[in-house]
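Each chain is listed here by its residues.
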Amino acid sequence: MASSVTTPAQPLPAEQFFRAAVFFLVLTSTLTLVSTGKLDLMTTLVTPLAILYKGFRWWRGHGAELKQTTATRLVLAYVFLFPLDALFLSRNLASGTSNSALYAVLLAAVHFLLFVTVLRLYSAVTDRDAMFLAMLSFAAILASAIFTVDPNFFFLFAVYLLFGVATFLSLEIRRGARGAVFPPVQGTPSRERRFHGAMSLAAVSVTAGAIFFGSMLFFFFPRFSAGYFARTGFQPSLMTGFTDSVELGRIGELKKDSSVVMRVKTGTQVNYPMLRWRGIALSTFDGRRWYSQEKRPELHDAGQDGWILLGSQLDVKVPVVAELQFIVLLQPLASDSLFAPAQVMGLRGNFSNDAGTYYGSARRSTLRMDLAGSIYNPARNYSQVRYEGFSLLPEARPLKARTAGTEYPDDIGKLYLQLPPKLDPRIPQLAQKITAAAGNPYDKSVVLESYLRRNFGYTLNLAGKPGADPLAQFLFVTKAGHCEYFASAMAVMLRTLGIPSREVNGFLPGEFNDVAGDYIVRASDAHSWVEAYFPGSGWITFDPTPAANASEGGLFSRLNLYLDWMQLNWNEWVINYDFAHQIQMAKNVRQNSTDYSESLRRWFRRMQERGMAGLTEWQRGHSYLSLVFPVALVFLLVVLRFDWIRSFARWLTLALQMRQATALRNNPQLASRLYAEMLRVLEKRGYARAETQTPGEFAATLSLQPSLRSAVSEFTSLYAEARFGGAICDAFRLRALLEQIRSST
């Protein structure tokens, strides 16, 4: 990364600064690419370590480790390995993505890019090599933008922009120095430090200005499309665990994952005991697996306002305790299910999966809803989905359900009383024994829920195989399991008692972030529960799973809440930013400015009234001021009329300059100020100097008395020698002559 072959032996100015800027430019771009988390483990570890090792060797004064010809041969050799990388290594890494072939080619291209970057870094010797490294680093930044849209990318890009400005700034300084001075002048260490500090300040200033004005253009430039970020095809991973069939034990594996699945913004924490993010309701159980025998989904199209109505107040058969409005940011899932709380009434979102604006795509959206109330997105969730909705929260434990009969509709009884053909006979016997004292179906459901909570343990670590009948193994052998075991046990036992029931898969509320006003829902919050049907009350939720031990929050937990708040706002105001958001922001700015102006006007009016009242009260106590104020006002008008303020300022300036050190008093600029003062004095007497006259011509044309003429001539001569002749300014003599001229006039 040194200069080209024509560079003189001595280093050019900003050489160290330039080399450091190029090195950190490459390092930052590589770290940005690695931080996306989409590369394999070897590439993630080896590439940054290789770059850091090169930086260490450069710091120790070592030159290039590879010859240019060797590096070129290695690059050509890798070109032949590129197809193998794309077809085998990268293809395995891309398995499970929405477009695995295209994503594998992208990963192979990134591997090639990083390989070329490391080789060029170890062989760089010219400015041309440094420019090539800068272009490679920019390509790495573009690849990072394809992989991720997280706020981490923005902060790393800001650092990259800083080093980019520093690189090209120092490069231009070195180019200018090479053409201007030969050999280059070697500065002192202190001067070099000041020079590097000035360049650093310039780089920081330019970067801050670019980010500021770029942000202004981003937010205020008209937005007619969500653009690149709304497109799909490069989504690297889809979270699994939610399908139309769930085998016992599957959710337990999902609960070991702490990845964020979605964020649900509610504004405030919801005080509702059975709050769940409901997903898939399953009706049929074969002894090992739950599935829906027939979904028969019903299509629901969006209205002109984008809202898709999925229910009405009449669908809720128990009293409603609250209406909940929410906004969901759902990460890509290997399922077309959507999640919403309780009795969802309507949804609106970018379900059409196009690159239009949020509200534009919402008007073209279509959802499917089956008989069990599960909601599906026909466009699939291959990218992040943002949708809003409102739900009714029914009373969790309605008293009306206790008086429900046992006359169930035919479709309910046929679908939700099904039992596996080889059910262990001990299971219905246990259900009868537990509920013997309960007098109605609702009380039996409550007793079963309570029994499972009290007598069974919760664990994610199940030893051994579940056997041919995992449900019987759970109830009579292990007596410990995770949520789908509890939900399956209660649902099956309810069916043995003739109570229609179904298993529901979704998520627990998650962690509420009071900073952002949203729930952070992770894969570990995946959950199964039970819904039982009671005539006249509809489906009521039961959760027989014991509560898991809650982890205590600390400093890092609080910090994560702030980071999540940043993530939420980044998604809302950057990723999903469109024309509708611009309108909302304009309204907010206008309203805030109006409120601020009005509050400022009221504050000024209060201060004015308070000041006038205080001044009036003070004037009453000092009556003599009624004479002082008019006199002071007349005096001020006189001062302004005769320009005494400016004259006093000039006099004070000259007096202060005359009191300075001898070297400062001999400054030619002081002679110019004194000469200007003399011209003002003569102008008051009627002798004004024309613009075409020199000082000498003006002094010779004055028809003054001999004493005044001689003083002006001597003053002009001293002024000309100090101003144009390089002589030392005799400030004391000029001041004496000025006083003589002033007294003569």
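Quick look at the structure, then. (Residues numbered from 1 in each chain as written. Predicted model: local features only at pLDDT ≥ 70, side-chain atom pairs only at ≥ 80, totals over all residues. Heavy atoms only, no water.)

A tally of regular secondary structure across the chain gives 23 helices and 20 strands. Within the chain, the proportion of its 745 residues that are buried is 43%. Sequence-distant contacts, at least 24 apart, represent 76% of the contacts inside the chain between residues at least 6 apart. When the accessible surface of the chain is split by element, carbon and sulfur atoms take 60% of a total near 39,200 Å². (Helix = DSSP H or I, 4+ residues; strand = E, 2+ residues; numbered from the N terminus. Buried < 20%, exposed > 50% of the residue type's maximum accessible area, 1.4 Å probe, protein only. Contact = heavy atoms within 4.5 Å. Areas by Shrake-Rupley, 256 points an atom, 1.4 Å probe, with all protein chains shown as cover.)

Among the structural elements, Thr-30 can be located in helix H1 (residues 15-34). Here Thr-30 falls in the buried class, since its relative accessible area comes to 2%. There is a polar contact of 2.9 Å between the side chain of Thr-30 and the backbone oxygen of Val-26. Excluding residues that lie within four positions of it along the chain, Thr-30 makes contacts with Thr-47, Pro-48, Ile-51 and Leu-114. (Polar contact = N/O pair within 3.5 Å; in protein donor to acceptor, adjacent residues only side chain to side chain.)

In this section: the nonpolar core. If you look at the biggest cluster of nonpolar residues, it comprises 45 residues, and the most contacted ones within it are Leu-452, Leu-475, Met-493 and Phe-534. What Leu-475 contacts, discounting residues up to four positions off in sequence, is Ile-427, Leu-430, Leu-452, Phe-456, Ala-489 and Met-493. (Core = buried A, V, L, I, M, F, W, Y, C linked by side-chain atoms within 4.5 Å.)

Two numbers describe how helix H11 (residues 426-434) lies on helix H13 (residues 470-478): the axes approach to 10 Å, and their chain directions differ by 45°. Judged on the interaxial angle alone, H13 and H11 are oblique. Crossing of H11 against H13: the hand is left-handed. In this structure, H11 uses Arg-426, Ile-427 and Leu-430 to contact H13, whose residues at the interface are Leu-471, Ala-472, Leu-475 and Phe-476. A breakdown of the residues in the contact of H11 with H13 according to their chemical character gives six nonpolar, no polar and one charged. (Axes fitted to C-alpha atoms, helices over the stretch in contact; angles between N-to-C directions. Parallel < 35°, antiparallel > 145°, perpendicular 65-115°, else oblique. Left-handed = near helix turned anticlockwise from the far one by under 90°. Nonpolar A, V, L, I, M, F, W, Y, C, P; charged D, E, K, R; others polar.)

Along an α-helix, residues three or four apart share an orientation, since each turn contains 3.6 residues. Along its 15 residues, helix H12 (residues 441-455) runs 21 Å from first to last C-alpha, staying within 8% of the 21 Å computed at 1.5 Å per residue. For H12, the capping residue at the N-terminal end is Asn-440, with a side-chain oxygen 3.1 Å from the backbone nitrogen of Tyr-442. (Expected span 1.5 Å × (residues − 1).)

For Ala-342, which is not a glycine, the phi torsion comes out positive at approximately 45°. Its relative accessible area of 30% is what places Ala-342 among the partly exposed residues. A positive phi angle, near 50°, is found at Lys-479, a position not held by glycine. By the secondary structure assignment, Lys-479 is in the loop between H13 and strand S15 (480-481).

The buried fraction of strand S16 (residues 501-507) is high, at seven of seven residues. Burial along S16 is two-sided: Ser-501, Glu-503, Asn-505 and Phe-507 facing one way and Arg-502, Val-504 and Gly-506 facing the other are all buried. Taken together, the five bridges between strand S3 (residues 277-282) and S16 define a ladder with antiparallel strand orientation. Opposite Ile-280, over in S16, you have Asn-505 as the bridge partner. Sheet topology places S16 next to strand S19 (residues 526-534); seven bridges connect them, and they run antiparallel. (Pairing = 2+ DSSP bridges.)

Here we come to the sheet that holds strand S6 (residues 298-301). Pairing is antiparallel across the open sheet formed by three strands, whose spatial order is S6-S11-S12. The sheet is open, and its two borders are formed by S6 and strand S12 (375-376), each paired with just one other strand. Direction of pairing for strand S11 (residues 366-369) relative to S12: antiparallel, over a ladder of two bridges. Note on S12: the bridge partner recorded for Arg-368 is Tyr-376.

Summed over the entire model, instances satisfying the criterion amount to 30 aromatic pairs. Residues Tyr-78 and Phe-115 carry aromatic rings whose centres are separated by 4.7 Å and whose planes lie at 20° to one another, so their mutual orientation is stacked. Residue Tyr-78 is found in helix H3 (residues 68-93), and its partner Phe-115 is found in helix H4 (residues 100-123); the two are separated by 37 residues along the sequence. Three or more aromatic residues joined by ring pairs form one cluster here, namely Tyr-451, Phe-456, Phe-474, Tyr-485 and Phe-486. Between the NZ or CZ atom of Arg-426 and the centre of the ring of Phe-476, over which it lies, the distance is 4.3 Å. Of note, Arg-502 hangs over the ring of Trp-539, and the distance from its end group to the ring centre comes to 3.7 Å. (Phe/Tyr/Trp six-rings, centres within 6.5 Å; stacked < 30°, edge-to-face > 60°. Lys NZ or Arg CZ within 6 Å of the ring centre and 35° of its normal.)

Here we have five strands laid out as an open sheet, ordered S9-S3-S16-S19-S20, and antiparallel in their pairing. Of all the strands in the sheet, just strand S9 (340-341) and strand S20 (538-542) have a single pairing partner and so form its edges. In terms of strand pairing, S19 meets S20 through five bridges, oriented antiparallel. When the sheet's bridge partners are listed, Tyr-533 is paired in S20 with Trp-539. Sheet strands touched by H12: S19 and S20. Its angle to S20, the strand with the most contacts, is close to 20°. Seen against the sheet, helix H14 (residues 483-496) touches S16, S19 and S20 and runs at an angle of roughly 15° to S19.

Moving on to a nonpolar patch on the surface. Side chains of Leu-41, Met-42, Leu-45, Val-46, Leu-49 and Leu-52 sit close together on the surface and give an oily, nonpolar patch of about 640 Å² of accessible area. Looking at the secondary structure, you find Leu-41 in helix H2 (residues 41-59). (Patch = residues over 30% accessible without salt bridge, like charges linked within 9 Å, V, L, I, M, F, W, Y side chains within 5 Å. Salt bridge = Lys/Arg side-chain N within 4 Å of Asp/Glu carboxyl O.)

This paragraph deals with the environment of Gly-506. Structurally, Gly-506 is set in strand S16. Given the relative accessible area of 0%, Gly-506 is considered buried.

Summed over the entire model, instances satisfying the criterion amount to 14 salt bridges. Across the pair Arg-120 and Asp-129 runs a salt bridge whose closest N-O atoms are separated by 3.3 Å. The same class applies to Arg-120 as to Asp-129, namely buried. Note that Glu-598 and Arg-602 form a salt bridge whose closest N and O atoms lie 3.7 Å from each other. Here the residue Glu-598 and the residue Arg-602 both occupy positions in helix H16 (residues 579-621), the gap between them amounting to four residues, near one helical turn. The exposure class of Glu-598 is partly exposed, given its relative accessible area of 32%. For Arg-602, a relative accessible area of 37% gives the class partly exposed.

Turning our eyes to something else, we now look at the side chain of Arg-276. Structurally, Arg-276 can be placed in the loop between strand S2 (260-265) and S3. Within polar-contact distance, the side chain of Arg-276 engages the side chain of Asp-543 at 2.6 Å. Apart from the residues lying within four places of it in its own chain, the contact partners of Arg-276 are Ala-340, Pro-341, Ala-342, Phe-507, Leu-508, Pro-509, His-527, Trp-529 and Asp-543.

The analysis is restricted to geometry; functional conclusions fall outside its scope.
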